[in-house]
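Coordinate inspection notes
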Amino acid sequence: MTDFANALAQLTPDSLRRLIAARPDAFFPPPPSLASLATRLTQSASTARALRTLNAAELAALQSLVDAGAELTPATPAEDITALTDAALIYPAGNEGDVRVAPGAVAPLPPAWRVADRIPADLDAKLAALDERQRKVLESLAAGGGIGVSKAAAPDADPTTPAARLLASGLIDRYNEHSVRLPEPVLLALRGRTPREHPLTPPPTQEVDQAKVDADATAAGLEAVRQMRQLLTFLMRSPVALNKDGSVGVRALAALEKALGFDTRLLITVGHAAGLLGCGPVDEQDCLAATKDALSWCDATIADQWAILLAGWLASPWRLDTAKLLHSESREPDLRRAKEMVVRHSGDPQQLLFYAPLDAAGLRPERVTALCGEARTFGALAPTPSTPLRALLEREDVAAATRELVPAEIDAVIAQADLTILAPGPLPPAMAAVLESFAELESPGLASVWRVSDASVRRAFDAGRTAEELKTWLEAHTLGEVPQSLSFLLDDVARTHGAIRAGHAMSYLRSADPALIATAAQHTPLRVLAPTVAVSDLPLPKLLRALREAGLQPAAEDADGATLDIAPEPALVRPTPAALPKTQRVGEELTEQLVARLLAHENGAPHAAAAQSPTETLQAAARARRHVRVTYFDSAGEKQTLTALPLSVRAGRADLLNESTDAVVRLPIPRVAEVELA
């Protein structure tokens, strides 16, 4: 029998190049010999990665070879096995055309899971008609991993038993003459989930208008950029205190949504993954705050800002379907691989079940829908992959892709008499910041519409801007004349804003209206010096904040009475960005070096056959329904020999059927000394 390592020694240079491309993880660092490579290729982590690259048809072909006993003896494949051979999951053995399954190639697969399982006809009706004993059989199989021992599997079994009736109805399958198996569609239906079938041929694909996809994705991406800019600006002024466990509280999230006008949960997780937001101490309290990288992001071009958000979303390990945002319990590193898989196939269930059967089997439809919604928010899907997303998936320059799609920035807006301002295209970050300071977004998109109102103008004045400053800005950036209605609104708000003045005493208040001073003294710690003047021990920023919370509209001034913008320095914390999963690839130059090195010293000399462990042999025999001769030590330490049929191997024990006594023998794996085919 040809050993796996000996089979690798027979590889041609082209075959070895295909193996390097299919299993790059086994070549880091470069293996010193083919024998070492054989060991790496049979490790569980490497085979699991290789199995995830198979489509449903290829996986079904591998499982059919396992059922034919190709783990133990050569078998003739009935399907196309090119991908399996290239990945060294099978190798030539025995007669020409025969193959064997490589050691450990199917160990990562669930024992009862079959990609070729079909949904039984009238499944819902059959489940509804089950009696108590039949349902108990199904529940036992579900709890036991999907495979169980049953006399009903024998050809001459009593057809009236619950298990025999389940077999007749197609709700369970005959695994061998002594055990039965619960198909995955029945298991899902039993647990209240929608049963599914893996297509064994490629699902049809629809033509995609990539230009429209990219246009819709760009609009969504720019809206995400705008919202992230608003969130960062808010957190620079007012960091959000964290819960004691380090998570963002529900009340804090509700306050953010009320202040900004949109849900911030997804933006917070993406901002954290992109290094724009972080958790750290601010004024001796742990807070969610912007980072130094956020300042650079705010100054970057819109295309670069969008690219950073796209990468941040794909790299984010944070789940949103948990009660505590940014808590360690909501961190799931494998979520990044799930995102890549879902967006690569546009979230199409049939595409996922065919091209990524193993990963898709562990994803609920609700999770797929949620991930697609997140991807559309940042312009990754629209509803198929955008060009920047394709670049990101291939680890190419995503910023170059976004620059191709984002329209050129404009430096002019159109102000209208109905107090709206039209931005015909993306604005430079500095212009956008000014417009956002005194107007509310009414219609997002590549061409956005903003509305100016009393409240939005007061917000700008609170931040230190003046009516003259805003009118000057409008005159400099408006196509045509600034409507009189807009100028009148700015002047009207300015007349009532800042009627009460504040300065340092540590700080002082003055106003021409004694009633305002009296009102201020009722709500803040003030000492009234005169009907129109008062002083306070509070620093000026805290005094201004207290007056605004009391419903007043103060303005800060310098010694000459000029209005000041005393917005505090942004509170910043250290970033802890997430990283995209590394995609291992072997370059052409290194590939040629590996091929030359590995084949140079292989002169056809046979390698020592690598013996399977007792556990591997028992598992393979159970899958192939082959009898084995087991040498083991009993409880008294005496060596015993048993010829039996392995039924299952799990949890450190093996169940074997002794057909001479028709009894199931349970052996602890540590007591098994040797296993060989009978």
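Residues numbered from 1 in each chain as written. Predicted model: local features only at pLDDT ≥ 70, side-chain atom pairs only at ≥ 80, totals over all residues. Heavy atoms only, no water.

Points about the overall build of the protein
Along its length, the protein carries 29 helices and 23 strands. For a compact globule of 678 residues, the expected C-alpha radius of gyration is about 26 Å, and the protein comes in at 34 Å, more than 25% above that figure. Looking at the protein residue by residue over its 678 residues, the buried ones come to 48%. In the protein, 63% of the contacts between residues at least 6 apart in sequence involve partners at least 24 apart. Carbon and sulfur atoms make up 52% of the accessible area of the protein, which totals about 32300 Å². Of the charged side chains in the protein, 67 are positive and 84 negative; the average position of the first set lies 6 Å away from that of the second. (Helix = DSSP H or I, 4+ residues; strand = E, 2+ residues; numbered from the N terminus. Rg over C-alpha atoms; globule rule 2.2 N^0.38 Å. Buried < 20%, exposed > 50% of the residue type's maximum accessible area, 1.4 Å probe, protein only. Contact = heavy atoms within 4.5 Å. Areas by Shrake-Rupley, 256 points an atom, 1.4 Å probe, with all protein chains shown as cover. Lys, Arg positive; Asp, Glu negative; His and termini not counted. Charge placed at Lys NZ, Arg CZ, Asp CG, Glu CD.)

Focus on the side chain of S456
Take S456: it is sitting in helix α23 (residues 454–462). For S456, a relative accessible area of 0% corresponds to the buried category. Leaving out residues up to four positions away in the same chain, S456 has contacts with S437, F438, A439, E440 and R451.

Quick word on the environment of S456
Sequence separation between S456 and F438 is 18 residues, and the spatial gap between their C-alpha atoms is 4.9 Å. Here S453 takes part through its backbone nitrogen, which lies 2.8 Å from a polar atom of the side chain of S456. (Polar contact = N/O pair within 3.5 Å; in protein donor to acceptor, adjacent residues only side chain to side chain.)

Comments concerning the pairing of strand β11 (residues 440–443)
Two elements, β11 and strand β12 (residues 448–451), share three bridges in a ladder whose sense is antiparallel. Residue pairing for β12: E440 is matched across the bridge by R451. The turn joining β11 and β12, which pair antiparallel and follow one another in sequence, is formed by four residues; a positive phi near 140 degrees is taken by G445. (Pairing = 2+ DSSP bridges.)

A short note on the packing of aromatic side chains
For the structure on display, the rule yields three aromatic pairs. Each ring, one from F4 and one from Y91, has its centre 5.3 Å from the other, and the planes form 50 degrees; the classification is tilted. One end of the pair, F4, is in helix α1 (residues 4–9); the other, Y91, is in strand β1 (residues 90–92), with 87 residues separating them in the sequence. Looking at F4, the relative accessible area reads 4%, which means it is buried. An angle of 90 degrees between the planes, with centres 4.8 Å apart, marks the rings of F354 and Y355 as edge-to-face. Overall, F354 belongs to the buried group, its relative accessible area being 3%. Above the face of the W318 ring, R331 is positioned so that its terminal group lies 5.4 Å from the ring centre. (Phe/Tyr/Trp six-rings, centres within 6.5 Å; stacked < 30°, edge-to-face > 60°. Lys NZ or Arg CZ within 6 Å of the ring centre and 35° of its normal.)

Focus on the packing of helix α13 (residues 265–273) against helix α15 (residues 302–315)
At a minimum axis distance of 8 Å, the contact between α13 and α15 shows a crossing angle of 95 degrees. Looking at the two axes, α13 sits roughly perpendicular to α15. In this structure, α13 uses L266, V270 and A273 to contact α15, whose residues at the interface are L309, G312, W313 and A315. Classifying every residue of the contact of α13 with α15 gives six nonpolar, one polar and no charged. (Axes fitted to C-alpha atoms, helices over the stretch in contact; angles between N-to-C directions. Parallel < 35°, antiparallel > 145°, perpendicular 65-115°, else oblique. Nonpolar A, V, L, I, M, F, W, Y, C, P; charged D, E, K, R; others polar.)

Points about the domain arrangement of the protein
A common way to report how large an interface is uses the accessible area buried once the components associate. Taken as a whole, the protein is organised into domain 1 (4–101), domain 2 (123–191), domain 3 (210–405), domain 4 (414–496), domain 5 (507–550) and domain 6 (614–677). Computed over C-alpha atoms only, the centres of domain 2 and domain 4 are separated by 70 Å. (Domains from an automatic or database assignment.)

Topic: the sheet that holds strand β5 (residues 179–181)
The strand order across the open sheet formed by three strands is β3-β5-β4, and the pairing between neighbours is antiparallel. The outermost strands of the open sheet, each flanked by one partner alone, are β3 (147–149) and β4 (173–176). On average, each strand axis in the sheet is tilted by 35 degrees relative to the strand beside it, whichever way the strands run.

Concerning the nonpolar core
Core analysis: the biggest nonpolar cluster contains 66 residues, and L231, L232, I268, L288, L309, W313 and F378 have the highest contact counts within it. When residues in this core are grouped by element, the largest group, 11 residues, is from helix α11 (residues 210–237). (Core = buried A, V, L, I, M, F, W, Y, C linked by side-chain atoms within 4.5 Å.)

Topic: helix α5 (residues 56–67)
An ideal rise of 1.5 Å per residue puts 16 Å on 12 residues; α5 measures up with 16 Å between its terminal C-alpha atoms. Most of α5 is tucked away: nine of the 12 residues are buried. The set of residues buried in α5 consists of A56, E58, L59, A60, A61, L62, Q63, L65 and V66. For α5, the N-terminal cap is N55; the gap from its side-chain oxygen to the backbone nitrogen of A57 is 3.1 Å. Trailing α5 by a residue or two, G69 shows a phi angle of about 85 degrees, which is positive. (Expected span 1.5 Å × (residues − 1).)

Quick notes on the sheet that holds strand β9 (residues 414–415)
An order of β9-β10-β12-β11 is seen for the four strands of this open sheet, with the pairing classed as antiparallel. Among the strands making up the open sheet, the edge pair consists of β9 and β11. Two strands pair when backbone bridges link them, and strand β10 (residues 420–423) and β12 are joined in this way by four bridges, in the antiparallel orientation. Opposite L422, over in β12, you have V449 as the bridge partner.

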